[in-house]
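# Chains, contacts and geometry: an overview
Chain by chain, the residues:
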Amino acid sequence: MIEFVNERFIPVAVNNSRLQRQADDEGRFLRLISWQGRYGYSFEEAQARLEDIDHGLNHQGLYVVTTEGEVLGSRNRVFPGGKASVHGVGSDPDRFLWMLRRALEKWENRKTQRAALDIEDLAYRDPTFSWTEYPEDGLILHLGVRDLPREVDTRPSGMKREAHNQDYVWFRREEVLSMVPPDAAVGDVIPMPDGLVRRLVRYHLADYVRGETSSWPSEAIQDAAMTLTVTEKTPEWVDLRLSGSAQLFSEGSWYEGACRERGLDASLLGYLRFDRRVERFARFDVVAVGSRWGGTDYNVRQEDLEPAPIGIAMTIAGQEARDRTAPHACQRRGGLEWYFNA
Amino acid sequence: MLKEITNPAPVLTDETFSELFEACWPQKERWTDIPWIGELWEGRQRAACEEKPLFIWAMNGHPLGCT
């Protein structure tokens, strides 16, 4: 199936939460597709709804389309009553493959498709969202999060036991340099700058295991501290040991009031190597382990609210295109400013 | 305030670090073998150039990051 997708399609993965609200041509294109593919409107009916960015409806799904938004196939169709036909991507590989093949048949009889090089760059992008800025000369971490083994485990098999998630962590160059003072000596204990601690705990020490969740509000931080101890220093590098802890707690109302609080109590440990010659980290391996409890409306914890162990690992991200994906917390209106000023 | 922990997390030490790092880190998955384009407009332009249909994976949250 992988080879089939790679050979016959242009594969695109996008954040629907942002696009369905974008007041620009890119957002209109996503809505044109999803009004047809997910909600069953005709091409003409979908075109009439393109300017509606306050619809309050979810447009996620799998779509095969022409460059003009003519839908050739889709999954996650919503039927009257609002229930999607399929939950989860790839939950039925055979039906998914059938959809792709049928879409290719329709492709042979498509009504629309722009000619090569006929689509200009976007001249305007909705300015309420953030559109930069991969920190080329900064530090990008790739983060993995999952549940850890439990002494008493009542989770059902399948997704709720095997789920894991990922994210990316961004630091700008000046933030990287602020972690390692030039005159640091072996044995020195350097406090991690407060803003970086807050970013890590509010946006990245969260329970994303089964699905996206809200970042921690600022007042959720009960206690958070991280230090870097210089363990070795040469003319070429500085080795540091990161240690810390974080306690987060927030009240709210989730799952129709069944959940009134969520929390996390975690410790952190990491091993870092700063290359003094290029002023970049060559190693940044960090683990956070602790207990989480509660949930939010979208992270599928409604039957798993009691304290249970969670683990989060971070390391320097790779160089593939997907490794340039912005942190989840950035992908909201005004997201970058919010992210970098935690 | 902070809740009493009844199903304890493993202890994180220098000795357990590597094991816990591996436990937290997801195994490679096959969807990563697809060269996904992460921006819709760029994908649309590529589809026009290569005369292929777009296959769009749209999720709440970015599918290549956190969903």
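Parameters and conventions
Residues numbered from 1 in each chain as written. Chains lettered and ligands numbered in written order. Predicted model: local features only at pLDDT ≥ 70, side-chain atom pairs only at ≥ 80, totals over all residues. Heavy atoms only, no water. Pairing = 2+ DSSP bridges. Helix = DSSP H or I, 4+ residues; strand = E, 2+ residues; numbered from the N terminus. Axes fitted to C-alpha atoms, helices over the stretch in contact; angles between N-to-C directions. Contact = heavy atoms within 4.5 Å. Buried < 20%, exposed > 50% of the residue type's maximum accessible area, 1.4 Å probe, protein only. Buried area = accessible area lost by both parts, 1.4 Å probe. Salt bridge = Lys/Arg side-chain N within 4 Å of Asp/Glu carboxyl O. Polar contact = N/O pair within 3.5 Å; in protein donor to acceptor, adjacent residues only side chain to side chain. pLDDT = per-residue confidence, 0-100. Parallel < 35°, antiparallel > 145°, perpendicular 65-115°, else oblique. Nonpolar A, V, L, I, M, F, W, Y, C, P; charged D, E, K, R; others polar. Phe/Tyr/Trp six-rings, centres within 6.5 Å; stacked < 30°, edge-to-face > 60°. Lys NZ or Arg CZ within 6 Å of the ring centre and 35° of its normal.

## Describing the sheet that holds strand β1 (residues 10–15) of chain A
Across the sheet, 4 strands lie side by side as β1(A)-β1(B)-β2(A)-β3(A); this open sheet has mixed pairing. Each end of this open sheet is capped by a strand with a single partner; those strands are β1 and β3 (71–75) of chain A. Looking at each pair of strands side by side, their axes are set apart by 20° on average, direction ignored. Judged from the 4 bridges that link them, strand β2 (residues 61–65) of chain A and β3 of chain A form a sheet pairing that is antiparallel. Note on β3 of chain A: the bridge partner recorded for V64 of chain A is G73 of chain A. Together, β2 and β3 of chain A together with β1 (54–59) of chain B form the strand contacts of helix α5 (residues 93–107) of chain A, whose direction differs from that of β3 of chain A by roughly 170°.

## Brief notes about the sheet that holds strand β10 (residues 280–293) of chain A
Strand pairs in the sheet, formed through backbone hydrogen bonds, run parallel or antiparallel to each other. All names here are of chain A. Taken in spatial order, the 8 strands make up an open sheet running β5-β4-β11-β10-β9-β8-β7-β6, and their pairing is antiparallel. A strand with exactly one partner marks an edge of an open sheet, and here the two such strands are β5 (164–171) and β6 (189–191). Pairwise comparison of adjacent strand axes, ignoring direction, gives a mean angle of 20° for this sheet.

## Focus: the pairing of β1 of chain A
Counting buried positions along β1 of chain A gives 6 out of 6 residues, so the element sits mostly inside the fold. Side chains I10, V12 and V14 of chain A of β1 of chain A all project onto a buried face; the interleaved residues P11, A13 and N15 of chain A project onto the opposite face, where all are buried too. Bridging between β1 of chain A and β1 of chain B involves 6 bridges; their strand directions are parallel. Residue pairing for β1 of chain B: P11 of chain A is matched across the bridge by F55 of chain B.

## Focus on the interface of chain B and chain A
On the chain A side, the residues contacting the 59 residues of chain B number 98 residues. For the pairing of chain B and chain A, the buried interface totals around 7000 Å² over both sides, and the portion due to carbon and sulfur atoms is 64%. The tally of links between chain B and chain A comes to 5 salt bridges. The salt bridge involving R241 of chain A is made with D14 of chain B; its shortest N-O contact spans 3.1 Å. Breaking the side of chain B that touches chain A down by element, the ones donating at least two residues are α1 (17–24), α2 (40–50) and β1 of chain B.

## A look at the side chain of T67 of chain A
Residue and element names in this part refer to chain A. The residue T67 is located in the loop between β2 and β3 in this model. Its relative accessible area of 0% is what places T67 among the buried residues. A polar side-chain atom of T67 sits 3.2 Å from a polar atom in the side chain of E68.

## Description of the environment of G334 of chain A
All names here are of chain A. Considering the arrangement of structural elements, one finds G334 in the loop between β11 (308–316) and α9 (335–340). Spatially, the C-alpha atom of G334 lies 5.8 Å from that of S130, the residues being 204 residues apart in sequence. Not counting residues up to four positions away in its chain, the partners in contact with G334 are T128, F129 and S130.

## Structural notes on the confidence of the model for chain A
Here chain A averages 91 in pLDDT, and 94% of its residues register 70 or above. Strand β7 (residues 221–233) of chain A holds the highest mean pLDDT among the elements of chain A, 98, whereas helix α6 (residues 159–162) of chain A holds the lowest, 84.

## Comments concerning the packing of helix α3 (residues 25–37) of chain A against α2 of chain B
Between α3 of chain A and α2 of chain B, the least distance of the axes is 9 Å, while the angle of their chain directions is 75°. With respect to their mutual orientation, α3 of chain A and α2 of chain B come out roughly perpendicular. On the side of α3 of chain A, the interface is formed by D25, E26, F29 and L30 of chain A, while α2 of chain B contributes L40, W41 and R44 of chain B. The class makeup of the residues in the contact of α3 of chain A with α2 of chain B is 4 nonpolar, no polar and 3 charged.

## Overview of the environment of I140 of chain A
All names here are of chain A. Of note, I140 is situated in strand β4 (residues 139–147). The class for I140 is buried, based on a relative accessible area of 8%. Along the backbone, I140 and S267 are 127 residues apart, and their C-alpha atoms lie at a distance of 22 Å. Excluding residues that lie within four positions of it along the chain, I140 makes contacts with Y134, P135, Y168, V169, W170, T315, I316, A317 and D323.

## Focus on the pattern of salt bridges
Residue and element names in this part refer to chain A. Within the structure shown, the criterion is met by 33 salt bridges over all chains. Residue R273 is joined to D239 by a salt bridge in which the shortest nitrogen-to-oxygen separation is 2.7 Å. Of this pair, R273 sits in strand β9 (residues 259–275) while D239 sits in strand β8 (residues 237–254), and the two are 34 residues apart along the sequence. Residue R273 is classed as partly exposed on the basis of its relative accessible area, which comes to 29%. Judged by its relative accessible area of 12%, D239 falls in the buried class.

## Things to note about the confidence of the model for chain B
Mean pLDDT over chain B: 89, with 93% of residues reaching 70 or higher. With a pTM of 0.91, the predicted complex shows an ipTM of 0.90.

## Considerations on the packing of aromatic side chains
Working definition: an aromatic ring pair is given by the centre-to-centre distance plus the angle between the planes. Taken as a whole, this structure holds 18 aromatic pairs over all chains when the rule is applied. Summarising the aromatic geometry, the rings of W35 of chain A and Y41 of chain A are spaced 5.8 Å apart at their centres and angled 85° between planes, so their arrangement reads as edge-to-face. We classify W35 of chain A as buried; its relative accessible area is 0%. Look at Y339 of chain A and F340 of chain A: their rings are 5.3 Å apart centre to centre, the planes differ by 85°, and that puts the pair in the edge-to-face class. Here Y339 of chain A falls in the buried class, since its relative accessible area comes to 0%. In this structure an aromatic cluster arises from ring pairing among F4, F9 and F96 of chain A together with W31, W36, F55 and W57 of chain B. When the ring centre of W107 of chain A is taken as origin, the NZ or CZ atom of R110 of chain A, which lies over that ring, is 3.7 Å away. Directly above the ring of Y134 of chain A sits R324 of chain A, whose terminal nitrogen or CZ lies 3.9 Å from the centroid.

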